[in-house]
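# Observations on the model geometry
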Amino acid sequence: MEKTGIVLEGGGIRGAYTAGALDWLMDHGVTFDYGVGISSGAFMLCLYMENRKETMKRAVLDYIIKPDIVGPQALLREGYWVGFKKLFYGYMRNLEQFSVKPLKDAHANIEVGAYDLDMGETVWFRPEDMDDEMEVLRGACSLPVVTETVDVNGRHLLDGGITKMIPIERSIEQGVTRHLVITTKPADYVRKPGPPIVQEIMKLVYKQCPQVAADYKVRHINYYNQMGIIDDLVNKGEAVLIRPSRTIQVSRWKGDPEKVKELYELGISDMEARKDEIFALLKKD
């Protein structure tokens with residue numbers, strides 16, 4: 001049986017590109033049988049499934065780039081360089097009235113990946129596994145060292161991108177036969193090994209969970225393995241890979257508002273440019 005799926009990479013502020021791509025999908029009424037997301041891709045996936053287009057747009061063009069989310073203000077307030085409590089509680093829950101309850105009520109067939117420090121692996125959460133306080137979702141976005149480890153019912157969660165940057169394997173495991181994959185890096189992107197100093201810091205910070213530093217050390221290898229799987233699927237006509245068609249200088253945690261907006265609009269225009277491929281993959285007129 002044919003089954004369509006959407007696969008979303010993370011990327012922090014670069015997730016503005018994903019948001020633009022999802023904007024296009026919402027405008028065209030495109031849905032999928034299954035969805036899976038990592039880090040900011042997990043966050044965007046939930047907003048997409050709730051059809052929260054304007055909330056998503058404000059999240060990437062306004063909230064995430066505010067100085068109280070990344071930098072000294074966040075460090076003073078939350079004790080970490082990235083202040084996800086402010087983002088999820090202050091902006092998303094209180095200001096936007098966003099929650100995962102609609103996903104639970106709809107029994108949405110999506111999963112978000114989070115790294116379980118105690119298990120030493122990336123695990124998967126469906127809407128029914130998520131808490132109304134959005135702690136699971138916050139944990140799924142929490143990059144090591146610079147953000148807080150999130151405790152959910154005794155489980156210590158971090159960003160699932162430690163091992164699963166582009167969760168194509170999970171989509172295949174769930175029986176998806178046609179994949180739309182959206183990544184946040186252009187074709188000429190080179191993922192280098194993690195700096196040794198970061199590996200040593202992780203060993204100190206997570207000394208009770210040594211597997212996380214070991215996984216971080218081979219992160220670049222996992223990335224290219226995942227890209228290899230995607231390239232093979234694309235060659236067989238079983239996937240379409242959407243990625244930035246040009247380089248816009250926006251980093252994971254820093255981006256000029258105009259550049260971030262440009263990246264968002266590039267997501268929309270790249271989808272429009274490849275709409276025939278996308279519709280052919282999904283067998284839509």
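Described below are features of the structure shown in this document. Computed from a predicted structure; not experimentally measured.

Thresholds applied
Each chain carries its own residue numbering, running from 1 in the direction its sequence is written. It should be noted that, the model being predicted, local features are given only for residues of pLDDT at least 70 and side-chain atom pairs only at 80 or more, the latter also being counted only at that level, while totals for whole chains, interfaces and linings use all residues. To obtain the side-chain values, all non-hydrogen atoms of the structure were included, while hydrogens and water were left out. Exposure categories follow from relative accessible area, calculated using a 1.4 Å probe and restricted to protein chains: below 20% of the type maximum is buried, above 50% is exposed, and the middle band is partly exposed. A run of H or I in DSSP counts as a helix once it spans at least four residues, and a run of E counts as a strand once it spans at least two, with each numbered from the N terminus. Between any two strands, at least two bridges found by DSSP are needed for them to pair. Any two of the Phe, Tyr and Trp rings considered here, Trp counted by its six-membered ring, make a pair once their centres fall within 6.5 Å; the pair's planes then place it as stacked at under 30 degrees, edge-to-face at over 60, or tilted in between. What goes into a patch is any residue over 30% in relative accessible area without a salt bridge, connected to like charges within 9 Å or, for nonpolar side chains (Val, Leu, Ile, Met, Phe, Trp, Tyr), within 5 Å. Computed by Shrake-Rupley with a 1.4 Å probe, the accessible areas treat only the displayed protein chains as cover when residues are assessed. Salt bridge, as used here: a side-chain nitrogen of Lys or Arg that lies within 4 Å of a carboxyl oxygen of Asp or Glu. Among buried residues, the Ala, Val, Leu, Ile, Met, Phe, Trp, Tyr and Cys ones that are joined through side-chain atoms within 4.5 Å form a nonpolar core. Working rule for contacts: check all heavy atoms of both residues, and any pair within 4.5 Å makes them a contact. Between N-to-C directions, angles span 0 to 180 degrees; the directions come from axes that are lines fitted to C-alpha atoms, helices contributing only their stretch in contact. Residue classes follow a fixed rule: Ala, Val, Leu, Ile, Met, Phe, Trp, Tyr, Cys and Pro count as nonpolar, while Asp, Glu, Lys and Arg count as charged, and any other residue, Gly among them, counts as polar.

What follows is about the pairing of strand β7 (residues 178-182). Counting buried positions along β7 yields 5 of 5 residues, so the element is predominantly enclosed. Sheet topology places strand β1 (residues 4-8) next to β7; 5 bridges connect them, and they run parallel. Each bridged residue has a counterpart across the sheet, and for Thr4 the counterpart in β7 is Arg178. Two strands pair when backbone bridges link them, and β7 and strand β8 (residues 239-242) are joined in this way by 4 bridges, in the parallel orientation.

Quick look at the packing of aromatic side chains now. Enumeration over the complete set of coordinates arrives at 8 aromatic pairs. For the ring pair Phe84 and Phe88, a centre distance of 5.9 Å and an interplane angle of 85° mean the geometry is edge-to-face. Pair noted here: Phe84 and Phe88 are both in helix α5 (residues 84-95), with a separation of 4 residues, about one helical turn. For the pair shown, Phe84 and Phe88 are each scored as buried.

A cluster of nonpolar side chains, contributed by Val145, Ile197, Ile201, Leu204 and Val205, occupies part of the molecular surface with about 450 Å² of accessible area. Topologically, Val145 is positioned in the loop between α7 (135-141) and β5 (150-152). A residue is classified by how much of its surface remains accessible, and Val145, at 31% relative accessible area, is partly exposed.

Residue position: Ile197 is located in helix α9 (residues 196-205). Once the C-alpha coordinates of Ile197 and Tyr80 are considered, the two residues, 117 residues apart in sequence, prove to be 18 Å apart.

This part takes up the nonpolar core. Across soluble globular proteins, nonpolar side chains have a tendency to be buried as a group. Among the nonpolar cores identified, the biggest contains 69 residues, and Leu25, Phe43 and Leu180 are the most heavily contacted of them. With 8 residues, the single largest contributor to this core is helix α1 (residues 15-27). Discounting chain neighbours no more than four positions away, the residues touching Leu25 are Ile6, Val30, Phe32, Tyr48, Leu180 and Met271.

Glancing now at the packing of helix α3 (residues 53-63) against helix α12 (residues 257-273). Here α3 crosses α12 at 145°, and the two axes come no closer than 9 Å. Together, Lys57, Val60 and Leu61 of α3 and Val260, Lys261 and Tyr264 of α12 make up the contact between the two elements. Its residues assigned to classes, the contact of α3 with α12 comprises 4 nonpolar, no polar and 2 charged.

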